[in-house]
2 protein chains.
Amino acid sequence: MPTHYSGTRAEMRTLDTFIKLTRCTNSLFARLSEQNTLGDLTPSQFAVLEALYHLGSMTQGEVSTKVLKSGSNMTTVIDNLERDGFVRRERDAKDRRVIYVHLTGAGKKKLEAILPGHIAALVEEFSILSASEMEMLGNLCKKLGKGKIK
Amino acid sequence: MPTHYSGTRAEMRTLDTFIKLTRCTNSLFARLSEQNTLGDLTPSQFAVLEALYHLGSMTQGEVSTKVLKSGSNMTTVIDNLERDGFVRRERDAKDRRVIYVHLTGAGKKKLEAILPGHIAALVEEFSILSASEMEMLGNLCKKLGKGKIK
DNA sequence: GTCAAATAGTTTGATGTAGAAATATTATCG
DNA sequence: CGATAATATTTCTACATCAAACTATTTGAC
């Protein structure tokens, strides 16, 4: 892929890899979004419901951490999910600063309706890679994602 | 990484790879953003200026394509860049539907002030991978990003 | 016990994002 | 030539996103 930048060999290599990584995830997510595998949920809403489904009820702060988003927008996302009846807020009686978020029956039902199709779409997309290629990609991503320990 | 999902082996493998890829790019971008290598530009603004810098003046639609964003928000991004004096709009005399976007002197200066640090940060982040690992990652991303030809 | 610091969540303001409908302009078909 | 289709951009609406300032509550140091 062209980078149109004249730098050292290491710089060229890095930019090239960075661009490929970025384009890969961008177009992968674009294709998934086209297939509309999340029903009418936004990606954030889906991520929150999925976290609650697999990991159980959590405080709002824990949800933020799991979903890797800042606390300030978690409020909005959960506001909207609550409005649609998919989650329920409950203030902790012991520590009244804390708010627990629970999946409602409707939320569970919603997610169970969506999840199989979503997974099928992922499997389909990744089927272009062999098992060992996926493993290789996973390991490289893990290494790069972890970053340097300083 | 735990997926908490009981599926077939292929499903598990896919989800595991998908999660690693997602986390990798998320935390990579988070670390880059922490280092503030884009000055006070937003990622979108930076991407637009960079495209204009490396590829020259373009129509607004071409910028959208290069930056992989929808046309409707390109208007806003370029509005803000124009407000800050980094780009200039110019309506095509021949086809008056078209708007050309040019980098101004201030925009060029801004980008040239930012680019070296940005590249250095990238090189530093990717230096955890060897040259051959980067190549491998790049190839896998290219393959996955391209998707199946249908 | 009281006051300061820490913690959980909300609000606000600026920006980005996508999709759909609207507008303006140009191209094309009959 | 004129109606219609295609193209480029904008507007509108809803949501997401972050940072910073704010409220409420709890904890800890003295």
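Owing to the predicted nature of the structure, the values given are computational and were not obtained by experimental measurement.

Visitor: Give a description of the side chain of Thr 59 of chain B that names residues and reports values.
Guide: Positionally, Thr 59 of chain B belongs in strand S1 (residues 58-59). If near-sequence neighbours (up to four positions away) are discounted, Thr 59 of chain B is found in contact with Val 98, Ile 99 and Tyr 100 of chain B.

Visitor: Now, about the protein's contact with DNA strand C: what can you tell me, with residues and values included?
Guide: Taken together, 24 residues are adjacent to DNA strand C, and Gln 60 and Gly 61 of chain A together with Thr 42, Ser 44 and Asn 73 of chain B come closest. Measuring from a phosphate oxygen of DNA strand C, one finds a side-chain N or O atom of Thr 42 of chain B at 2.5 Å. Between DNA strand C and the protein, one listed contact pairs a phosphate oxygen with a side-chain N or O atom of Gln 45 of chain B at 3.5 Å. Of all the secondary-structure elements, those providing two or more residues to the surface near DNA strand C are helix H3 (60-67) and helix H4 (71-83) of chain A together with helix H2 (43-55) and helix H4 (71-83) of chain B. At five residues, the largest contribution of residues to the surface near DNA strand C is made by H4 of chain B.

Visitor: Break down the pattern of salt bridges for me, with residues and values.
Guide: Residues and elements named next belong to chain A. Enumeration over the complete set of coordinates arrives at 20 salt bridges over all chains. A salt bridge links Arg 97 to Asp 95; its shortest N-O distance comes to 2.8 Å. For Arg 97, a relative accessible area of 71% puts it in the exposed group. Relative accessible area serves as the criterion here: at 24%, Asp 95 is assigned to the partly exposed category. Across the pair Lys 108 and Glu 112 runs a salt bridge, and its minimum N-O distance is 3.4 Å. Of the two residues, Lys 108 and Glu 112 are both situated in helix H5 (residues 105-126); the distance of four residues between them amounts to about one turn of the helix.

Reading the values: the criteria
Residues numbered from 1 in each chain as written. Chains lettered and ligands numbered in written order. Predicted model: local features only at pLDDT ≥ 70, side-chain atom pairs only at ≥ 80, totals over all residues. Heavy atoms only, no water. Helix = DSSP H or I, 4+ residues; strand = E, 2+ residues; numbered from the N terminus. Contact = heavy atoms within 4.5 Å. Near = heavy atom within 4 Å. Polar contact = N/O pair within 3.5 Å; in protein donor to acceptor, adjacent residues only side chain to side chain. Salt bridge = Lys/Arg side-chain N within 4 Å of Asp/Glu carboxyl O. Buried < 20%, exposed > 50% of the residue type's maximum accessible area, 1.4 Å probe, protein only.

These figures come from the coordinates and say nothing about function on their own.
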